[in-house]
Amino acid sequence: MSVGLGIIGYGIMGERLLRAAMNHDPQILRVSAVWDPSAEAMRRLRDDFPQVGQSGDAAGVIAASDCVYIASPPASHLAHARAALAAGKAVFCEKPLSVDLADARRFAGEASNARFAVNFPFASSFAVDQLRAWIAEGVVGDWQGVAIEIAFADWPRPWQVDAEAWLDRTAQGGFTREVVSHFLFLTQRMTGGIALNAAHAEYPLAGRSERAVSADLTRDGLPITLTGSVGTTSKPDHNTWTLTGSAGAIRLRDWSLAERFDASSGEWREAPDALPNEKARPMILARQLDKVAAMTRGESHDLASVAEALAVQEAVEAILASGTPS
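Residues numbered from 1 in each chain as written. Predicted model: local features only at pLDDT ≥ 70, side-chain atom pairs only at ≥ 80, totals over all residues. Heavy atoms only, no water.

With that out of the way, let us pick up the sheet that holds strand β11 (residues 249-253). With mixed pairing, the eight strands of this open sheet are ordered in space as β7-β8-β9-β6-β10-β11-β12-β13. In this open sheet, the two edge strands, each paired with only one partner strand, are β7 (195-202) and β13 (267-270). With direction set aside, neighbouring strand axes in the sheet form an average angle of 15°. Both strand β6 (residues 143-152) and strand β10 (residues 238-245) contribute to a ladder of eight bridges, which runs antiparallel. Looking at β10, one finds that Ile150 is bridged to Asn239. Each of β6, β10, β11 and β12 (257-262) touches helix α6 (residues 126-137); the most contacted strand, β12, lies at about 30° to it. Helix-sheet contacts for helix α10 (residues 306-320) involve β7, β8 (212-219) and β9 (222-230), and the interaxial angle to β7 is about 40°. (Pairing = 2+ DSSP bridges. Helix = DSSP H or I, 4+ residues; strand = E, 2+ residues; numbered from the N terminus. Axes fitted to C-alpha atoms, helices over the stretch in contact; angles between N-to-C directions. Contact = heavy atoms within 4.5 Å.)

Time to look at the packing of aromatic side chains. Taken as a whole and assessed by the stated rule, the structure comprises ten aromatic pairs. Joined through ring pairs, the aromatic side chains of Phe122, Phe183 and Trp255 make up one cluster. The residue whose ring lies beneath Arg287 is Phe126, and the NZ or CZ to ring-centre distance is 4.3 Å. (Phe/Tyr/Trp six-rings, centres within 6.5 Å; stacked < 30°, edge-to-face > 60°. Lys NZ or Arg CZ within 6 Å of the ring centre and 35° of its normal.)

Our next topic: the state of the cysteines. Overall, the coordinates contain zero disulfides when judged by the stated rule. Just so you know, Cys67 is unpaired, no disulfide at all, and the nearest cysteine sulfur is the one on Cys93, 11 Å from it. (Disulfide = S-S within 2.5 Å.)

For the rest of this paragraph, the subject is the sheet that holds strand β5 (residues 116-118). Ordered in space as β2-β1-β3-β4-β5, the five strands form an open sheet in which the pairing is parallel. The open sheet terminates on both sides in strands that have one partner only, identified here as β2 (29-35) and β5. Strand-to-strand twist in this sheet, taken as the mean axis angle between neighbours without regard to direction, amounts to 20°. Summarising the sheet, strand β1 (residues 3-8) and β2 pair through six bridges and their orientation is parallel. The partner of Ile8 across the bridge, within β2, is Trp35.

Time to look at the layout of surface pockets. Its volume calculated, the largest pocket comes out at about 1,200 Å³. If you go around the largest pocket, you meet 49 residues; those closest to its centre are Ile12, Met13, Arg16, Gln160 and Glu178. Here the element with the most residues in the lining of the largest pocket is helix α9 (residues 277-296); it accounts for five residues. Among the residues making up the lining of the largest pocket, the classes are represented as 20 nonpolar, 14 polar and 15 charged. Volume-wise, the second largest pocket comes out at about 190 Å³. Elements with a contribution of two residues or more to the lining of the second largest pocket: α6 and α9. In terms of residue count, α6 provides more of the lining of the second largest pocket than any other element does, three residues in total. Looking at the lining of the second largest pocket, its residues break down into eight nonpolar, three polar and one charged. (1 Å grid on protein atoms, 1.4 Å probe; cavity = no way out; pocket = protein on both sides within 12 Å on 5 of 7 lines; lining within 4 Å. Points joined across faces, edges and corners; volume = space filled by probe spheres on them. Nonpolar A, V, L, I, M, F, W, Y, C, P; charged D, E, K, R; others polar.)

The structure is reproduced here in structure tokens:
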């Protein structure tokens, strides 16, 4: 069965997934309809993909689809998700579940047995597969600690400036929700869970989202540290997830580069088949879409569950609440 995928929201993520879906095997997945409340976004959709069906509203996308991908701003996620699930459709949603943590908790209970998943692409990352392989080979040995480091030249990043009105506001945006959440999900997947012990967030700009965060977390005694900041690197987007152990260290760098530490040279060495994010992303999204199709058909998959997404959101919101917005 070819799964009809509808898309609500034609911003950055909606466009990325639409492009991946248009390049996907139509016997597995096809695009059924797309809608965005912005007339400018719909004009851009017509220019980019005149062959794609355009709906007049979210209800039209839901009616036309087997699965609905929700790529709208966070405050609208759960209204669309509930409408789609009530119509008997599967849902693939962007994170966070909601900006209202209490409502996210309610929804997690409602959707615990539903065909629902959240788009954390590390679930389909080739680099994460490589990290797991190194761990299985004994490269790390006994785990001693995880360090997450996130940095940006500016926030929002250059390709997100059109969404600054919500991405750089405390109500829905900020890099902790947008980026740190991915690395908390990765940490959960790799360790089996996380607990937040202490956190600190800084809001030096009036009306704007956070500019620095730090946190100490644990998992069964394993120390996990997080630092994130804006204006501390010349790169638009720089990140590392590092696992250190008794036998060595491995890390994920800049979203898609798996590296292991060479003690003899004191340098990090990329995996032989490592790809930069711009090349890896389309292949990772293709893997995600295969799993979306499987979920829609009621088959097993390893996309991020509603419970995993809620656990990430609980940690994110606690980190953000540790500071006082200006």
